[in-house]
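Single-letter residue listing:
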Amino acid sequence: VRAQTLVDPLVVMIVTRSRLHEIITGSHVHGLWCMRPWRPMLLSTLTLPTLPKHVTKCEYAGQGPVRQKAEELARQLMQQQAGSLGRHTGMDADPLPFDKIVPCSVGNPQAVGQQPVQFHRQVMACLIEPLLMQKNALFQDDVLERASRYLSRLKDGATGAYSSPQGHLVFREEVASYLSLRDETDTSVDDVFLTDGASAAIKMVLQLILRGSEDGILLPIPQYPLYSAMTVLLGGQPVGYFLDEQAGWNINVDELQRAAAEFRKRGGVLRAIVVINPGNPTGQVLSQASMEAVIHFAEQESLVILADEVYQDNIHTDGKEFMSFRRLAHQMGTAAEVFSFHSISKGFMGESGLRGGFVHCSNLRHDVRDQLRKIASISLCSNVVGQALVASAVTPPPLDGASRASFDQDRAEIKGQLQRKAKLVWQRLNALDGISCQPLDGAIYAFPRVTIKGYIMKKAISFATPADEIYCLELLERTGVVTVPGSGFGQKPGTFHFRMTILPDEDV
């Protein structure tokens, strides 16, 4: 009987143990011949039940049914436009009621038409292929000067060689100079880590912080789901604190205290608080008073502050200004550790695919910083082109440089477009029945609240699916607009939202 479980069911049933050899060799058994030579059943080592629980439990919004449906409709649309709809399946399909898919689900600027800043791209071209620098009049002098300076400081003068785990010193010097100017305080290059986008930096810092399943990270709700997914993946617990939607998605200290107290009652240990400013997905820009309250709370609770500031260059409302948590913490004289994250994926750069970012560590003990460096060294280094682009992005061309006028024009056009689109999206959303949206003061998203009832709610109940997911699917199928259900970011019970970017062209 035990042997039977090892035999392909299409071979032959084992009758007696004495015939096992005959089964294995494919010889005659009780007058029957094996249909094919015996082989063990192919048993998968990796199955869902055998995967680590923290892998199967973590979830990431934007990769679910809405995106899958969008990909399906995109293929159908291509067939429809090619006049081949239904040929591959042999079935007639109704034509779609739209002529293009509008991707409003992901903050991916250049995928929807935003142009790269030419000065920085030209510097990168010279770094990747230095022979271009020998072409007469191909690039302006300030481009050549920067590329030459960077190359002279690289190991072996090659972008294809490994850097130190924290990144090349010349690039960290540029970032440190930028931070010193921005935050009005000296910055050490030893506190700067260059990474493959801000996401890699966030993962690295969470690896440093989380010790086990009892550790928790305070996350804003709604939040960028990288934080909850990565916290679960690393074995910790996400602990949500609700932002105050009616107050423009502001942070309320009483809510912070509630979330902390309830988690500790369950035996948890809070380790850090995440603050996203400007907000993703909510688009708010925090006031200095709110930031001070967060810093005081972190001091009282002995929490590390993770300041996600990748949208700091995306401010759309007059009178609103970005202030970094590091700068304010320095002014307040706090001893709380602050990790500040930035990226070239957003802002007016929009270089999402080149993967460049950094984290700055403030008030971190040197022996702890050494451990962070050890974590970074496991990956050897981040990509050198991304490092170089980060350094160049935080260092505009010289004021008297030949490229400065075109650089300023590129930047002004991109910022102006985003400001107009933020206002337009906010106005149009609030003009729709059943939808309300808080002002889009910063970042590149709207997170409108939608009233769901009737057919959509009945369908959600019938399919045991979040109502905002059904809403986003219906929106996609009727209009071709791709959004992300608010349930993927977290929201107060009984409320429904969706996230959409403001990135597509203004006429769209």
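Keep in mind it's a predicted model, so treat the numbers as computed, not measured.

### Description of the overall build of the protein
Argument step 1. Along the backbone of the protein there are 16 helices and 14 strands.
Argument step 2. Here the protein, with 508 residues, has 48% of them falling under the buried criterion.
Argument step 3. Carbon together with sulfur atoms contributes 53% to the accessible area of the protein, which is approximately 25200 Å² in total.

### Focus: empty space enclosed by the protein
Argument step 1. For the coordinates displayed, the defined rule picks out one cavity of 30 Å³ or more.
Argument step 2. Of the volumes computed, that of the largest cavity is approximately 60 Å³.
Argument step 3. If one sorts the elements of the lining of the largest cavity by residue count, strand β5 (residues 269-276) sits on top with three residues.
Argument step 4. For the lining of the largest cavity, the per-class residue count stands at eight nonpolar, four polar and no charged.

### What about the sheet that holds strand β3 (residues 215-221)?
Argument step 1. Pairing is mixed in the open sheet, where seven strands are placed in the order β2-β8-β7-β6-β5-β3-β4. What marks the edges here is a single partner per strand, and that holds for β2 (192-195) and β4 (237-242). Adjacent strand axes in the sheet meet at a mean angle of 25 degrees when their direction is disregarded.
Argument step 2. The pairing of β5 with strand β6 (residues 304-308) spans five bridges and is parallel. Each bridged residue has a counterpart across the sheet, and for Ala272 the counterpart in β6 is Val304.
Argument step 3. Contacts from helix α6 (residues 169-183) reach β2, β7 (338-343) and β8 (357-362) within the one sheet, and its direction differs from that of β2 by about 120 degrees.
Argument step 4. Across the face of the sheet, helix α11 (residues 325-332) comes into contact with β5, β6, β7 and β8 while running at roughly 155 degrees to β7.

### Observations concerning the pattern of salt bridges
Argument step 1. This model, assessed by the stated rule, comprises 23 salt bridges.
Argument step 2. A salt bridge links Glu506 to Arg420, with the nearest nitrogen and oxygen atoms 3.0 Å apart. Of this pair, Glu506 sits in the segment after β14 (498-501) while Arg420 sits in helix α14 (residues 404-430); the two residues are 86 residues apart in sequence, bridging distant segments of the chain.
Argument step 3. Relative accessible area serves as the criterion here: at 36%, Glu506 is assigned to the partly exposed category.
Argument step 4. One salt-bridge network, held together by shared partners, links Lys69, Glu72 and Glu477.

### A closer look at the layout of surface pockets
Argument step 1. A volume near 800 Å³ is recorded for the largest pocket.
Argument step 2. What lines the largest pocket is a set of 30 residues, among which Leu429, Leu432, Leu475, Val481 and Met500 lie closest to the centre.
Argument step 3. Every element with two or more residues in the lining of the largest pocket is listed here: α14, α15 (454-463), α16 (467-479) and β14.
Argument step 4. Taken as a whole, the second largest pocket holds about 580 Å³ of empty space.

### Quick word on unusual backbone geometry
Peptide bonds are mostly trans, and most non-glycine residues show a negative phi.
Argument step 1. The residue after Asn277, namely Pro278, is reached through a cis peptide bond having omega -10 degrees.
Argument step 2. Among the structural elements, Pro278 can be located in the loop between β5 and α10 (288-301).
Argument step 3. Here the residue pair Asn280 and Pro281 is connected by a cis peptide bond, since its omega of 15 degrees sits within 30 degrees of zero.
Argument step 4. With respect to the helices and strands, the residue Pro281 is situated in the loop between β5 and α10.
Argument step 5. Positioned with a positive phi, Ser302 is a non-glycine residue whose angle comes to about 55 degrees.
Argument step 6. Locating Ser302 in the fold gives a position in the loop between α10 and β6.

### What to know about the packing of α15 against α16
Helix packing for two helices is described by the angle between their axes and how far apart those axes are.
Argument step 1. Close contact between α15 and α16 brings their axes to 9 Å; oriented N to C, the two are set at 120 degrees. Looking at the two axes, α15 sits oblique to α16. As for how α15 packs across α16, the hand of that crossing is right-handed. From α15, Tyr455, Ile456, Met457, Lys459 and Ala460 reach across to α16, where they touch Ala467, Ile470, Tyr471, Glu474 and Arg478.
Argument step 2. The residue makeup of the contact of α15 with α16, split by class, is seven nonpolar, no polar and three charged.

The rules behind the values
By convention here, each chain's residues receive numbers from 1 onward along its written sequence. The predicted nature of this model means local features are confined to residues of pLDDT at least 70 and side-chain atom pairs, given and counted, to a pLDDT of 80 or more, with totals for whole chains, interfaces and linings taken over all residues. Hydrogens and waters are ignored; side-chain quantities use all the structure's heavy atoms. A run of H or I in DSSP becomes a helix once it reaches four residues, and a run of E becomes a strand once it reaches two; helices and strands are each numbered from the N terminus. Note on exposure labels: buried denotes an accessible area under 20% of the residue type's maximum, exposed denotes more than 50%, and partly exposed covers the range between, all computed with a 1.4 Å probe on protein chains only. Shrake-Rupley sampling with a 1.4 Å probe provides the accessible areas, and residues are treated as covered by the protein chains on show and by no other component. Buried and open spaces are told apart on a 1 Å grid over the protein atoms alone, a cavity being a set of points where a 1.4 Å probe fits but cannot get out and a pocket being an open set with protein on both sides within 12 Å along at least five of seven lines. Residues with an atom within 4 Å of a point are the lining residues. Grid points are joined across faces, edges and corners, and a volume is the space filled by probe spheres set on the points. Each residue gets one label: Ala, Val, Leu, Ile, Met, Phe, Trp, Tyr, Cys and Pro are nonpolar, Asp, Glu, Lys and Arg are charged, and the others, such as Gly, are polar. For two strands to pair, DSSP has to find at least two bridges joining them. Note on method: axes are straight lines fitted to C-alpha atoms, helices fitted across the in-contact stretch only, with angles between N-to-C directions ranging 0 to 180 degrees. Any two residues whose heavy atoms approach within 4.5 Å are treated as being in contact. When a carboxyl oxygen of Asp or Glu lies within 4 Å of a side-chain nitrogen of Lys or Arg, that pair is called a salt bridge. Working rule for angles: under 35 degrees goes down as roughly parallel, over 145 as roughly antiparallel, 65 to 115 as roughly perpendicular, anything else as oblique. Crossings are sorted by hand: turned counterclockwise from the far helix by less than a right angle, the near helix makes the crossing left-handed, and turned clockwise it makes it right-handed.

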